Amino acid sequence: MIYFQKSDIKNPHIKPNVTVNLKLKMILLIGILIIAIVLVIGAFMNYFISDMLETQMGDRALGVAESIAHIPELANAFEDDDPGAIIGPIIAPIQEMTGAEFIVIGNTEEIRYAHPIADKVGEKMVGEDNERALVRGESYISKAIGSLGSSLRAKVPIYLDENIVGVVSVGFLADDIQTIIHNYNSQLWIVLLLIAGVAVIGAIIIASYIKKVLYGLEPEEITHLLFQKETILQSTHEGIIALNQNGMITMINSAAQHLLFDKQIASDYYVGKKIQEVSPIEHLSEFLNDVNGLSDKEIVIGNNIVFINTVPIYFEQLFIGTVSTFRNKTEIESLTKELTRVKQYANALRAQTHEFSNKLHMILGLLQLGKKKEVIDYIQKESNLQKNWIRILIRKVADPLISGILLGKLNQANESGVDLVIHQDSILENQLSEKKSEVLLTTIGNLIDNAMDAVKKNPSSNRKISIFFTDIGDDIIFEIEDSGEGITEELAQKIFEQGFTSKEGANRGFGLAMTKQLIAEVNGALYLEEGELGGACFVVSIPKNPREGTESNA
């Protein structure tokens with residue numbers, strides 16, 4: 001199992017090559033963004049409030065002016081000899097009540113009949129913006145400089161008997177309007193600055209939280225770790241697949257994809273899906289989700305035998321998923337075959353050395369006894385036997401490696417007291433491909449070793465093994481028969497299963513299963529038949545290569 005804490009994620013040896021760390025960078029970027037937004041909003045609101053207040057003040061002045069223009073007493077006063085005496089008392093309370101800076105009444109000649117400053121009554125109106133009201137009869141708002149200064153004012157004509165007799169001018173000084181606008185804008189900017197301050201504090205909190213979520217890593221570190229992880233993951237020869245606690249695939253490398261699915265589909269297709277949804281392999285999800293872990297569990301995936309190792313992962317004592325690795329046993333078996341072949345050669349050499357040593361001691365004894373004739377006869381007999389074996393194998397077997405292993409097994413059997421016989425009609429003239437030669441070497445070695453084990457318990461007179469091989473037809477045939485106890489029908493159904501064995505001891509039950517798999521890889525077959533010697537008879541059938549058959553026929 002794998003346990004790790006938050007502190008384990010931080011690597012003090014990886015230092016980001018940056019002058020500004022992520023936290024400060026986020027605070028600066030978010031702060032600049034907030035300030036920019038506040039400035040834009042402030043500028044817009046400043047314009048909006050200024051325009052809105054001016055419009056409201058103008059509409060207010062226009063409303064007051066229109067109301068005054070429709071006062072009958074005001075219009076009738078223009079027929080009086082002294083209109084100002086009548087109009088002044090009417091206008092004064094209205095100006096005070098409405099809060100207007102000034103209300104000026106003038107006739108068609110722009111002579112004032114009412115003004116906030118009494119000394120200006122009787123004088124001509126200034127601003128030169130009365131023409132539209134007095135001539136065209138329009139009601140409107142204008143900006144002009146009057147006797148009190150720059151102002152925003154409304155102009156409305158006064159009618160008497162449908163004739164224009166004067167004009168009403170109601171206004172507010174520009175300075176007063178700007179003061180009001182400034183007061184509103186000051187409050188607005190104070191609120192916006194408070195919002196900006198709160199937002200900056202929020203940016204600091206957010207940056208701190210994100211930094212914490214990233215375990216203090218900088219973006220450059222995360223990028224480096226991601227690249228490093230992907231490089232290691234995809235370059236690893238073993239298949240690797242990671243599942244979360246819900247059984248969903250969170251990571252898979254190309255080796256695992258090829259081994260499990262053997263499909264040319266992007267790995268992103270599998271990420272986020274449950275393993276049982278994308279893989280039809282029985283019990284695979286159980287193995288991959290095992291919270292207790294697995295070690296070198298063998299399962300069959302397609303035509304491959306695969307070792308699975310599953311490791312559960314716990315974060316802060318909480319189970320968060322598993323990581324599983326896959327190793328193709330075929331690759332391991334390639335090394336096993338090489339080691340087996342070396343072992344077979346070593347055993348054959350050891351047998352020959354041991355046998356030769358025994359024979360030398362026998363010759364030495366005969367010489368010490370003065371039995372020269374017996375010594376000569378014995379040497380000739382052994383020489384003829386060895387020459388006969390070698391001659392038969394050289395003449396009948398074209399592949400030197402096959403000849404070598406058969407000769408080694410003959411010597412090994414002779415040393416072990418086993419009567420191993422190669423049928424006189426055996427022949428193997430075709431040159432084998434490297435793959436088929438390797439398969440036959442492993443197969444012959446395993447089957448002869450099994451045969452020797454099977455006859456060990458027999459009396460010395462009944463330890464027999466017979467070998468026959470031929471390539472006369474379309475296939476290469478090997479028959480290896482022994483005089484052992486044989487194999488029952490019940491066991492015959494299981495002997496080719498991985499891990500099944502009738503022998504004692506650990507690490508057994510792989511030889512026949514591996515042999516059958518290797519033979520299947522070259523489109524061959526391995527059969528079990530009843531033998532004439534009373535024991536088991538294994539038949540190996542491997543098709544010839546078309547090229548080999550053509551060359552042979554030629």
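Residues numbered from 1 in each chain as written. Predicted model: local features only at pLDDT ≥ 70, side-chain atom pairs only at ≥ 80, totals over all residues. Heavy atoms only, no water.

A. Region of the structure containing the overall build of the protein. Within the protein, the secondary structure is distributed over 16 helices and 16 strands. Expressed as a percentage of contacts within the protein between residues at least 6 apart in sequence, the contacts between residues at least 24 apart total 58%. Per element, the accessible surface of the protein, about 31,600 Å² overall, is 57% carbon and sulfur. (Helix = DSSP H or I, 4+ residues; strand = E, 2+ residues; numbered from the N terminus. Contact = heavy atoms within 4.5 Å. Areas by Shrake-Rupley, 256 points an atom, 1.4 Å probe, with all protein chains shown as cover.)

B. Spatial organisation of the packing of helix H1 (residues 22–69) against helix H3 (residues 83–98). Between H1 and H3, the shortest axis-to-axis distance is 12 Å and the interhelical angle comes to 155°. In terms of axis orientation, H1 runs roughly antiparallel to H3. Pair H1 / H3 crosses with right-handed handedness. Of H3, the residues touching H1 (which contributes Arg-60, Val-64 and Ile-68) are Ile-91, Ile-94 and Thr-98. Here the residues of the contact of H1 with H3 sort into 4 nonpolar, 1 polar and 1 charged. (Axes fitted to C-alpha atoms, helices over the stretch in contact; angles between N-to-C directions. Parallel < 35°, antiparallel > 145°, perpendicular 65-115°, else oblique. Left-handed = near helix turned anticlockwise from the far one by under 90°. Nonpolar A, V, L, I, M, F, W, Y, C, P; charged D, E, K, R; others polar.)

C. Summary view of H3. With 16 residues, H3 extends 22 Å between its outermost C-alpha atoms, agreeing within 8% with the 22 Å of an ideal straight helix rising 1.5 Å per residue. Residues Pro-83, Gly-84, Ile-87, Ile-91, Ile-94, Gln-95 and Thr-98 constitute the buried set of H3. Just downstream of H3, Gly-99 is the residue with a positive phi angle, here 80°. (Expected span 1.5 Å × (residues − 1). Buried < 20%, exposed > 50% of the residue type's maximum accessible area, 1.4 Å probe, protein only.)

D. Structural detail: the pairing of strand S7 (residues 239–244). Burial of S7 is extensive: 6 of the 6 residues sit out of reach of the surface. Side chains Gly-239, Ile-241 and Leu-243 project from S7 onto one buried face, and the interleaved Ile-240, Ala-242 and Asn-244 project onto a second face that is buried too. With 6 bridges joining them, S7 and strand S11 (residues 318–328) adopt antiparallel strand pairing. Bridging from a neighbouring strand, Ile-240 pairs with Thr-325 of S11. Inspection of the sheet shows S7 paired to strand S8 (residues 249–252) by 3 bridges, in the antiparallel sense. In the strand pairing of S8, Ala-242 is matched with Met-251. The turn linking S7 back onto S8 is made up of 4 residues, and Gly-247 within it adopts a positive phi angle of 85°. (Pairing = 2+ DSSP bridges.)

E. Region of interest: the sheet that holds strand S12 (residues 419–422). Reading across from one edge, S12-S13-S14-S16-S15 is the order of the 5 strands in this open sheet, with mixed pairing throughout. Each having just a single partner strand, S12 and strand S15 (525–530) make up the two edges of the open sheet. Between one strand axis and the next, the sheet turns through 15° on average, direction left out of account. As paired strands, strand S14 (residues 475–482) and strand S16 (residues 536–543) are joined by 7 bridges and run antiparallel to one another. Residue Ile-476 lies in a different strand from S16, and its bridge partner there is Ile-542. Here helix H12 (residues 400–416) sits on the sheet in contact with S12, strand S13 (464–470) and S14, set at roughly 150° to S12. Helix H13 (residues 434–455) contacts S12, S13, S14, S15 and S16 of the sheet and is inclined by roughly 15° relative to S14.

F. Fine view of H12. Taking 1.5 Å per residue as the helical rise, H12 with its 17 residues ought to reach 24 Å, and the 24 Å between its terminal C-alpha atoms agrees with that figure. Looking only at H12, the buried set comprises Ile-402, Ser-403, Ile-405, Leu-406, Leu-407, Gly-408, Lys-409, Leu-410, Asn-411, Gln-412 and Ala-413. Here H12 starts with a cap whose side-chain oxygen sits 2.9 Å from the backbone nitrogen of Leu-401, and that cap is Asp-399. Downstream of H12 by a residue or two, Gly-417 has a phi angle that is positive, lying close to 80°. (Polar contact = N/O pair within 3.5 Å; in protein donor to acceptor, adjacent residues only side chain to side chain.)

G. Summary view of the confidence of the model for the protein. Scored by pLDDT, the protein has a mean of 78; 82% of the residues are at 70 or more. Of the regions scoring below 50 in pLDDT, residues 505–509 engages in 8 contacts with residues more than four places distant in sequence or in other chains. In the model, residues 546–554 has pLDDT below 50 throughout and makes 6 contacts with residues more than four positions away in sequence or in other chains. (pLDDT = per-residue confidence, 0-100.)

H. Main features of the packing of aromatic side chains. This structure, assessed with the given rule, holds 4 aromatic pairs. Consider the rings of Phe-44 and Phe-48, whose centres lie 6.0 Å apart with planes at 20°: the pair is stacked. Here Phe-44 and its partner Phe-48 are both found in helix H1, 4 residues apart, which amounts to about one turn of the helix. Classification of Phe-44 by relative accessible area gives exposed; the value is 51%. Classification of Phe-48 as partly exposed rests on a relative accessible area of 39%. Taking NZ or CZ as reference, Arg-132 lies 4.0 Å from the ring centre of Tyr-140, over its face. (Phe/Tyr/Trp six-rings, centres within 6.5 Å; stacked < 30°, edge-to-face > 60°. Lys NZ or Arg CZ within 6 Å of the ring centre and 35° of its normal.)

I. Structural context of the nonpolar core. Formed by 39 residues in total, the largest nonpolar core has its most connected members in Ile-402, Leu-406, Leu-420, Ile-467 and Phe-478. Secondary structure elements with two or more residues in this core: H12, S12, H13, S13, S14, helix H15 (511–521) and S16. Element by element, the count of residues in this core is highest for H13, at 9 residues. Apart from the residues lying within four places of it in its own chain, the contact partners of Leu-420 are Lys-409, Leu-410, Ala-413, Ile-448, Met-452, Ile-465 and Ile-467. (Core = buried A, V, L, I, M, F, W, Y, C linked by side-chain atoms within 4.5 Å.)

J. Summary view of the side chain of Gln-95. Along the polypeptide, Gln-95 turns up in helix H3. You can call Gln-95 buried: its relative accessible area is 16%. Of the polar contacts made by the side chain of Gln-95, one reaches the backbone oxygen of Glu-101; its length is 3.1 Å. Once residues lying within four places of it in the same chain are set aside, the contact partners of Gln-95 are Ala-100, Glu-101, Phe-102, Ile-103 and Pro-116.

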